[in-house]
Amino acid sequence: MKEKNNIPSFDFEKFQSKFISNADFTFDNKGGFKIFKIQEVLKYLKFPLPLHRTNYYDILFITKGEKSSKHCGLKKYEIFSGDIFFKAAGQVTSGEIYSKDMEGYFCLMDNDFISSNTNNNILLASFPFFKYGNHPIISVPVSALD
């Protein structure tokens, strides 16, 4: 008997229709690569984000703010100012409310962008912080953010 996968998977358009509260804000990924300021997106996200998968890589860099938390796989990670959080395409994730004073950036990349800009289609997947079960956070010294 085949097991049914109940965890939904989203591309950019489906994610926007499900979790972005303002139709005027475009959470698109034209060209397969996009950088957003966290503080410009947080006000439109509908929290908490339930378990889901996305078909794109997500890199989150926090430059200011209290801790926030995010699930990646079966683990919950606390994210602080100075942290870079990596999520691979297809990884199960969820998000709890982020601190209201959070600032920083997040970058979204899809597989088409990666394969068209590298000679190795599995380049990003080879990095340890994108591998399932490895720690997805790199901390940058706070002094480097000033």
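Throughout what follows, the structure given in this document is the object of discussion. (Residues numbered from 1 in each chain as written. Predicted model: local features only at pLDDT ≥ 70, side-chain atom pairs only at ≥ 80, totals over all residues. Heavy atoms only, no water.)

1. Regarding helix α1 (residues 12–19)
Every buried residue belonging to α1 is among Phe-12, Phe-15, Gln-16 and Phe-19, and all of these are buried. Looking straight down α1, one finds its buried side chains confined to an arc of 100°; they lie on one side. Seen from the buried face of α1, the exposed residues on the opposite side, beyond 90 degrees, are Glu-13 and Ser-17. Against β1 (9–10), β3 (49–54), β4 (56–64) and β9 (103–110) lie the buried residues of α1. Capping of α1 at its N-terminal end is provided by Asp-11; its side-chain oxygen lies 3.2 Å from the backbone amide nitrogen of Glu-13. (Buried < 20%, exposed > 50% of the residue type's maximum accessible area, 1.4 Å probe, protein only. Helix = DSSP H or I, 4+ residues; strand = E, 2+ residues; numbered from the N terminus. Arc of directions from axis to C-beta. Contact = heavy atoms within 4.5 Å. Polar contact = N/O pair within 3.5 Å; in protein donor to acceptor, adjacent residues only side chain to side chain.)

2. What about the pairing of strand β5 (residues 68–72)?
Counting buried residues in β5 gives four out of five residues, a clear majority hidden from the surface. What sits between β5 and strand β6 (residues 75–79) in their antiparallel hairpin is a turn of two residues, with Gly-73 showing a positive phi close to 70°. Pairing analysis gives three bridges linking β5 to strand β8 (residues 93–95), with the strands arranged antiparallel. Paired with Cys-72 across the bridge in β8 is Thr-93. (Pairing = 2+ DSSP bridges.)

3. Notes on the nonpolar core
Among the nonpolar cores identified, the biggest contains 24 residues, and Phe-15, Ile-38, Leu-45, Leu-60, Phe-85 and Phe-106 are the most heavily contacted of them. Among the secondary structure elements, those contributing two or more residues to this core are α1, α2 (38–42), β4, β6 and β9. With 10 residues, the next largest nonpolar core counts Tyr-57, Phe-86, Cys-107 and Ile-114 among its residues. (Core = buried A, V, L, I, M, F, W, Y, C linked by side-chain atoms within 4.5 Å.)

4. Here's the deal with the environment of Ser-17
Locating Ser-17 in the fold gives a position in helix α1. We classify Ser-17 as exposed; its relative accessible area is 59%.

5. Topic: the environment of Thr-54
Summarising the element assignment, Thr-54 is placed in strand β3. When its relative accessible area of 3% is taken as the criterion, Thr-54 is described as buried. Sequence separation of Thr-54 and Phe-10 is 44 residues, and the distance between their C-alpha atoms is 4.7 Å. What Thr-54 contacts, discounting residues up to four positions off in sequence, is Phe-10, Phe-15, Lys-87, Ala-89, Gly-90 and Gln-91. Of the polar contacts made by the side chain of Thr-54, one reaches the backbone oxygen of Tyr-56; its length is 3.3 Å.

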